[in-house]
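Spelled out, the chains give:
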Amino acid sequence: MHRRLAAILCADVAGYSRMMGADEAGTHAAFKAHRAAIFPIILNHGGRIVKNTGDGFLLEFPSVVGAIEAAVEMQRLMAERNAQLPADRVMKFRMGVHMGDVIADEDEVFGDDVNIAVRLESAAPQGGVAVSEKAYLEAGKHVSAVLVSAGSQHLKNIGEPINVWTWQPDVPDRADLADLPPQYKTAIVGVLPFVNLADRADDYFADGLTEDLIHALSLQSFYRVLSRSATFAFKSRQLSARLIAREIDATYLIQGSVRRAGSKVRVVAELIAPENGAQLWTGRYDRDMDDLFALQDELTTSLSAALAPEIFRAEASAPGRAATTDLTAWDRFLRGLSHYYLQTKPDFEASIALFREAIALDPSLAIARAYLATIMIQGIQYGWIKSTHELWGEAMELAESSVRLDPRSSFAYSILAFIHAMDGAHDAAMEAGRRAVELNPYDMGARGVLGCCHLAIGEHKQAIELFSTAVQRGNSDPRYQWAAMLAFSHYLLGQYDAALSWTREALYFNPNHLQVLALRAAVLAQLGRSEEAAKATQILLKAYPGLTVEKHLRNFRWRELTEVAHYREGLLKAGVPSTRLTLVENGWRKANS
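Residues numbered from 1 in each chain as written. Predicted model: local features only at pLDDT ≥ 70, side-chain atom pairs only at ≥ 80, totals over all residues. Heavy atoms only, no water.

**Q** Any chance you could explain the overall build of the chain here in plain terms?
**A** A tally of regular secondary structure across the chain gives 23 helices and 16 strands. Counting only C-alpha atoms and orienting by the principal axes, one finds that the chain spans roughly 90 × 80 × 50 Å. Counting contacts in the chain only where the partners sit at least 6 residues apart, residues at least 24 apart contribute 65% of the total. For the chain, the exposed area adds up to about 27,200 Å²; of that, 50% sits on carbon and sulfur atoms. One finds the centroid of the 61 positive side-chain charges in the chain at a distance of 4 Å from the centroid of its 70 negative side-chain charges. (Helix = DSSP H or I, 4+ residues; strand = E, 2+ residues; numbered from the N terminus. Contact = heavy atoms within 4.5 Å. Areas by Shrake-Rupley, 256 points an atom, 1.4 Å probe, with all protein chains shown as cover. Lys, Arg positive; Asp, Glu negative; His and termini not counted. Charge placed at Lys NZ, Arg CZ, Asp CG, Glu CD.)

Encoded structure:
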């Protein structure tokens, strides 16, 4: 007999006695079948069955993270199995998870912490999981499922009240915007069937494009997209956009047309605010119809990449938002977003303050966390925010918590990947970047951030390909600075002319971008254009007088040290000071900055 630290999971079936009374043999057979189905999940998370009971089981896990993840995965599987059964045969488990010191005697475990886990399952919702605060705090950062506080509870035969956190499958891990309280509701987007202006035989292409666009836009976590059934009911009906929007409660409508002529097709789309008829965005796409499926996918990607940031922008600038001081967390987030789109240093500062207020009011607002992390790192790259270990640590915590709170958001995974890449955690960056693309293949931001991961490990051809695709199909979103990234990749490949072209493009949008100003000087120096390089360095140091090469390079954690040396060489050739010299009473000394 000995003691060890363990995570304990206890489960039973809600209403089991009633079910046994109605059909003893059928209930027992169903229970055994369900238990067999979830058994692999237990083993996959490193668990073992301590004990089977008549209506449940007791499990031990070496990791509390594994115990909670297993509980959630088992309950999700049970929800899927129950969805296929008639109501009188549905079997719902309740699961409790706790961790602590247990007494192990052969294959059994005993102790107060085991008793707490046993009692916790009664606090779980049917089909859900109850987790003690001790287990929650230990596992919190590493569990993707969203747990909600259920407050302090008195459990049977447990002396002290226990703070409990719960999860249940009928509450999505990312709260569905349709189910949010009114103060958190944002845009509802309706995609009307695209009108076929050519032969009726081409209706299938227009309808298919509409359906694909609905799917692509629905993968965003910022707004809700109405289903096909909600909007296709208006096909061929001559109603005004305003009437349609009121009938389906849409904030924005997307409408368009498809015209085919020979081997060419033209698609025109527009985003409108139906209440006032304002056209917020319009786009036209002319393509060859070589491969219909490939064409439909390419058009869907281009349309969704263009439309998504325009909906963000429209929501951020909605009239009347600044007219009141009685703002909810969501209002503060949207007000912060409106400042962010202005892309000036004072607006960045205002945006950061508003995002912080939003998070203080609602710590579960994942999108505010993701944007705050984004703007902090961008501020460093622009030279508007001082880079410190504390700031990078905060940005990483914001990104990680955003993913934890909204595990289906490609944007949340993108910012996590980007920060990992910039911080030198290259494997973690690549993993998060690939996950972002998997979650939303139409998200050009996710593809571009995956390019940043390739840049950081020296795979510049792959990076350039991803950046170029992102630029071509999604170039209006200020969250992403593809021109700057393209400039760096071309520089590191020794393609200085291309690098210079991209620095010009980046500086057109932000003339004071610190990293691009520095890179331009290095590029010109590598091209042998000494006078222009000296002038570029003069402009750089006038904007950022304390800058030195070594100080600047602290924020570059590329895997290949030869690439850091390559960049250093260009900066030194351009005349950027290596280190700053400070005059003190006893003479000269080198300052650390």
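**Q** Please explain the confidence of the model for the chain as it appears in this structure.
**A** Reading fine detail from the predicted coordinates is not recommended where pLDDT is low. Of all residues in the chain, 91% attain a pLDDT of 70 or more, and the chain-wide mean is 82. For the stretch residues 171-184, pLDDT sits under 50, and the model shows 29 contacts to residues farther than four places along the chain or on other chains. Counted against residues more than four places away or in other chains, residues 581-593, with its pLDDT under 50, gives 19 contacts. (pLDDT = per-residue confidence, 0-100.)

**Q** Any chance you could explain the side chain of Arg369 here in plain terms?
**A** Along the chain, Arg369 falls in helix H12 (residues 366-382). By relative accessible area, Arg369 is classed as buried at 12%. (Buried < 20%, exposed > 50% of the residue type's maximum accessible area, 1.4 Å probe, protein only.)

**Q** Sorry, what's going on with the pattern of salt bridges here?
**A** A side chain with one charge may pair with a side chain of the opposite charge, provided their charged atoms come close. This structure, assessed with the given rule, holds 16 salt bridges. Salt-bridge contacts for Glu397 lead to Arg369; the nearest nitrogen and oxygen are separated by 4.0 Å. Of the two residues, Glu397 sits in helix H13 (residues 389-405) while Arg369 sits in helix H12, which places them 28 residues apart along the sequence. Close ionic contact of Arg435 with Glu438 constitutes a salt bridge, the shortest N to O distance being 3.6 Å. Separated by 3 residues within a single helix, Arg435 and Glu438 lie in helix H15 (residues 426-439), roughly one turn from each other. Residues participating in the shared-partner salt-bridge network are Arg4, Arg48 and Glu60. (Salt bridge = Lys/Arg side-chain N within 4 Å of Asp/Glu carboxyl O.)

**Q** Just checking my understanding: could you explain the environment of Val265 for this structure?
**A** Within the secondary structure layout, Val265 lies in strand E13 (residues 264-273). Linking Val265 and Gly47, residues 218 residues apart in sequence, is a C-alpha distance of 57 Å.

**Q** What exactly am I supposed to notice about the packing of aromatic side chains here?
**A** What characterises a pair of aromatic rings is the spacing of the ring centres plus the angle enclosed by the ring planes. All told, the structure shown has 25 aromatic pairs when counted by the stated rule. Considering the side-chain rings of Tyr16 and Phe31, the 5.9 Å spacing of their centres and the 70° angle between planes classify their relative orientation as edge-to-face. Placement of the pair is Tyr16 in helix H1 (residues 16-22) and Phe31 in helix H2 (residues 24-44), with a sequence separation of 15 residues. Of the two residues, Tyr16 and Phe31, neither departs from the other in class, the shared state being buried. Aromatic side chains Trp330 and Phe333 sit 5.3 Å apart centroid to centroid with 45° between the ring planes, which places their arrangement in the tilted category. Here Trp330 and its partner Phe333 are both found in helix H10 (residues 329-340), 3 residues apart, which amounts to about one turn of the helix. For Phe333, a relative accessible area of 0% gives the class buried. (Phe/Tyr/Trp six-rings, centres within 6.5 Å; stacked < 30°, edge-to-face > 60°.)

**Q** Help me understand the pairing of strand E8 (residues 162-167), please; the structure alone is not making it clear to me.
**A** Along a regular strand, successive side chains alternate from one face of the sheet to the other. Among the 6 residues that make up E8, 5 are buried, leaving the element largely enclosed by the rest of the structure. The pairing of strand E6 (residues 129-132) with E8 spans 4 bridges and is classified as antiparallel. Directly across from Val131, in E8, lies its bridge partner Trp165. Relative to E8, strand E7 (residues 148-153) runs antiparallel, the two sharing 5 bridges. Within E8, the residue paired with Ser152 across the bridge is Asn163. (Pairing = 2+ DSSP bridges.)

**Q** Teacher, can you tell me more about helix H17 (residues 460-473) here?
**A** Side chains of residues three or four places apart in an α-helix project in the same direction, reflecting 3.6 residues per turn. The first and last C-alpha atoms of H17 sit 20 Å apart over 14 residues, in line with the 20 Å expected at 1.5 Å per residue. Taken together, the buried positions of H17 are His460, Ala463, Ile464, Leu466, Phe467, Ala470 and Val471. Buried residues in H17 make contact with helix H16 (444-456), helix H18 (482-492), helix H19 (496-509) and helix H23 (561-573). (Expected span 1.5 Å × (residues − 1).)

**Q** Would you explain the pairing of strand E3 (residues 56-61) in this entry?
**A** Counted residue by residue, E3 has 6 buried out of 6 residues, so it is predominantly covered. Because side chains alternate across E3, one face comprises the buried residues Gly56, Leu58 and Glu60, and the other comprises Phe57, Leu59 and Phe61, equally buried. Taken together, the 5 bridges between strand E2 (residues 48-53) and E3 define a ladder with antiparallel strand orientation. Residue Arg48 lies in a different strand from E3, and its bridge partner there is Glu60.

**Q** Quick question: what am I supposed to make of H18 here?
**A** Most of H18 sits out of view: 11 of its 11 residues are buried. Within H18, burial applies to Trp482, Ala483, Ala484, Met485, Leu486, Ala487, Phe488, Ser489, His490, Tyr491 and Leu492. Just beyond H18, the residue with positive phi is Gly494, at close to 80°.

**Q** Help me out: how do you make sense of the side chain of Thr231 in this one?
**A** With respect to the helices, strands and loops of the structure, Thr231 is situated in helix H7 (residues 228-231). Reaching out from Thr231, the side chain makes a polar contact with the backbone oxygen of Val191 at a distance of 2.9 Å. Apart from residues no more than four positions distant in its own chain, Thr231 is found in contact with Gly190, Val191, Leu192, Pro193, Ile214 and Ile248. (Polar contact = N/O pair within 3.5 Å; in protein donor to acceptor, adjacent residues only side chain to side chain.)

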